[in-house]
Amino acid sequence: MKEINIARAIVRNRKEKGITQNELANYIGVSKASVSKWETEQSYPDITFLPQLATYFNISIDELMGYEPQMTKEDIRNLYLKISKDFAEKPFDEVITHCREIIKKYFACYPLLYQIGVLFINNSSLANDKDKNIEIITEAKELFVKIRKESEDVALARQSIGMEAVSLISLGKPNEVIELLGESNSLVMSTEILLASAYQMTGKNDEAKRTLQIEIYQYFLTLFQLLQSYLSICMDDEKLFCEICKRALSIADVFNLEELHPTILLPFYLIAAQGNLVNGNTDKAIECLESYTRIATGDIYPLKLKGDNFFDLIDAWFENFPIGTNLPRDEKIVKRSMLEAVINNPAFLTLTEDIGFKNLIRKLKNNC
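Residues numbered from 1 in each chain as written. Predicted model: local features only at pLDDT ≥ 70, side-chain atom pairs only at ≥ 80, totals over all residues. Heavy atoms only, no water.

Draft legend 1. Inspection of the overall build of the protein at higher detail. Looking only at helices and strands, the protein has 20 helices and 0 strands in total. For 368 residues, the compact-globule estimate of 2.2 N^0.38 gives 21 Å, and the C-alpha radius of gyration of the protein, at 27 Å, exceeds that figure by more than 25%. Dimensions of the protein along its principal axes, counting C-alpha atoms only, are 90 × 55 × 40 Å. Here the protein holds 368 residues, and the buried ones make up 43% of them. Surface accessibility of the protein: about 20,800 Å² in total, with carbon and sulfur atoms responsible for 53%. Each charge sign in the protein was given a centre, from 42 positive and 52 negative side chains, and these centres are 4 Å apart. (Helix = DSSP H or I, 4+ residues; strand = E, 2+ residues; numbered from the N terminus. Rg over C-alpha atoms; globule rule 2.2 N^0.38 Å. Buried < 20%, exposed > 50% of the residue type's maximum accessible area, 1.4 Å probe, protein only. Areas by Shrake-Rupley, 256 points an atom, 1.4 Å probe, with all protein chains shown as cover. Lys, Arg positive; Asp, Glu negative; His and termini not counted. Charge placed at Lys NZ, Arg CZ, Asp CG, Glu CD.)

Right under this line is the structure:
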């Protein structure tokens, strides 16, 4: 991460120009000792000298100060992972304060602001205080609004709209989500099919395969998450509920979801368990929770985005993500949330005395 560093800029530009500290001092109208102090960071030039220095070296004032309002992709990734780890290990308020300082410093670096907003959303539950939780989610929403309105990166702005909607749902503002997203029944057309055809026509078969693999991967995960959402609102129709479960799990099996992206599968089993309880199928609910626990405590760590034998050309695509192949939350927090999603779920209160349920809770606690 770049910081303001006038000293380094003065030394480098003075040497490139081939002049002494005394010559620079005479041009600016200060003593040689002053220039020496500037270069050794014992003091800084008066603000009125900055235009003279920048003009003399033929650089901008920002270059002279070493100021960079944008962070590199690598810097953002490293900072994200550090803050994610801090949320797992340090006091919540301390980490939030640090994040707010970073926001002020890089208020025009939209990719960074987006990732800070994602961190706020993913870790807001750690506040352990309803009002503070709302405050953090609201801050995240405001960051996404800023990005949507000000960023010239169309893809980033589109992502921010999605995260703004997530924030509004978390804040209990469904009408604002409807207003933000509008009609969602537009015809879906993948331009990647055309792109793959173009690659194939130019003899770039590997690029065509990679393009289609990425698109299939995204559509497959989207389809599964749509089925999960559909499942959650169909609990009162047992026949339909069971049919959705069957189809969704068939798709998960065909695409090896348990190995490919287990964290997508986990919430599905929780919803399936809740729905089975609603319909009086306690044994099936326990089975769903057993599957959930088996995956959560299984050999899935460290959690990373990855391909498999079918999706064998997408790993480089993951590497290009802002946070690489890492998942949005620190692994310690993920494991805790896996436990809390069960023990803090009021739908499972009727199972608290069930021996099988107690064993599952014990396994999840040991996993933490």
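Next comes the rest of the account.
Draft legend 2. Focus on the packing of aromatic side chains. According to the stated counting rule, one finds 18 aromatic pairs in the structure shown. Between the aromatic rings of F220 and F255, the centroid separation amounts to 4.3 Å while the plane-to-plane angle is 20°, which identifies the pairing as stacked. Taken as a pair, F220 in helix α13 (residues 205–232) and F255 in the loop between α14 (238–254) and α15 (257–260) lie far apart in primary sequence, 35 residues in all. With relative accessibility at 4%, the residue F220 sits in the buried group. You can call F255 partly exposed: its relative accessible area is 24%. A network of ring pairs unites the aromatic residues Y217, F220, F255, F310, F311, W317, F318 and F321 as a single cluster. (Phe/Tyr/Trp six-rings, centres within 6.5 Å; stacked < 30°, edge-to-face > 60°.)

Draft legend 3. Representation of the environment of P111. Mapping P111 onto the fold places it in helix α8 (residues 110–123). Exposure remark for P111: the relative accessible area of 36% places this residue in the partly exposed category. Along the backbone, P111 and M163 are 52 residues apart, and their C-alpha atoms lie at a distance of 13 Å. Here P111 is in contact with Q70, I76 and L156, once residues within four sequence places are set aside. (Contact = heavy atoms within 4.5 Å.)

Draft legend 4. A look at the nonpolar core. In terms of nonpolar packing, the biggest core is built from 52 residues, with Y217 and F348 touching the most fellow members. At the level of elements, α13, α14, α15, α16 (262–278), α17 (282–296), α18 (315–319), α19 (331–343) and α20 (355–367) are the ones that each hand at least two residues to this core. Of the residues forming this core, the biggest block, 10 residues, is contributed by α16. If we skip the residues at most four places from it in the chain, Y217 touches L260, H261, L305, F311, I314, W317 and F318. In this structure, L79, A88, F92 and L156 belong to the second largest nonpolar core, which totals 37 residues. (Core = buried A, V, L, I, M, F, W, Y, C linked by side-chain atoms within 4.5 Å.)

Draft legend 5. Here's a closer look at the packing of α8 against helix α10 (residues 154–170). Orientation of α8 relative to α10, taken along the N-to-C sense of each, is 20°, at an axis distance of 11 Å. Here α8 lies roughly parallel to α10, going by the angle between them. Of the two elements, α8 crosses α10, and the hand of that crossing is left-handed. The segment α8 lies against α10, with Y110, P111, Y114, V118 and I121 engaging L156, Q159, S160, M163, V166 and S167. Grouping the amino acids of the contact of α8 with α10 by side-chain chemistry returns 8 nonpolar, 3 polar and no charged. (Axes fitted to C-alpha atoms, helices over the stretch in contact; angles between N-to-C directions. Parallel < 35°, antiparallel > 145°, perpendicular 65-115°, else oblique. Left-handed = near helix turned anticlockwise from the far one by under 90°. Nonpolar A, V, L, I, M, F, W, Y, C, P; charged D, E, K, R; others polar.)

Draft legend 6. Fine view of helix α2 (residues 21–28). Residues of α2 that are buried include every one of Q21, L24, A25 and I28, and no others. The buried side chains of α2 occupy one side of the element, clustering within an arc of 100° when seen end-on. As for α2, its buried residues are in contact with α1 (6–17), α3 (32–39) and α4 (50–57). (Arc of directions from axis to C-beta.)

Draft legend 7. Main features of the packing of helix α6 (residues 73–89) against α19. Where α6 meets α19, the closest approach of the two axes is 8 Å, and the angle between their N-to-C directions is 50°. One finds that α6 runs oblique with respect to α19. Each of S84, F87, A88 and E89 in α6 lies in contact with α19, whose residues at this interface are K332, I333 and R336. The residue inventory of the contact of α6 with α19, partitioned by class, reads 3 nonpolar, 1 polar and 3 charged.

Draft legend 8. Expanded view of the pattern of salt bridges. The full count for this structure, using the stated rule, is 14 salt bridges. With a closest N to O distance of 3.6 Å, K358 and E353 form a salt bridge. The class of K358 is partly exposed, set by a relative accessible area of 43%. One salt-bridge network, held together by shared partners, links K82, D86 and K90. (Salt bridge = Lys/Arg side-chain N within 4 Å of Asp/Glu carboxyl O.)

Draft legend 9. Structural view of unusual backbone geometry. A cis geometry characterises the amide bond from Y301 onward to P302, with omega recorded as 0°. Tracing the chain through its elements places P302 in the loop between α17 and α18. A positive phi angle, near 60°, is found at N58, a position not held by glycine.

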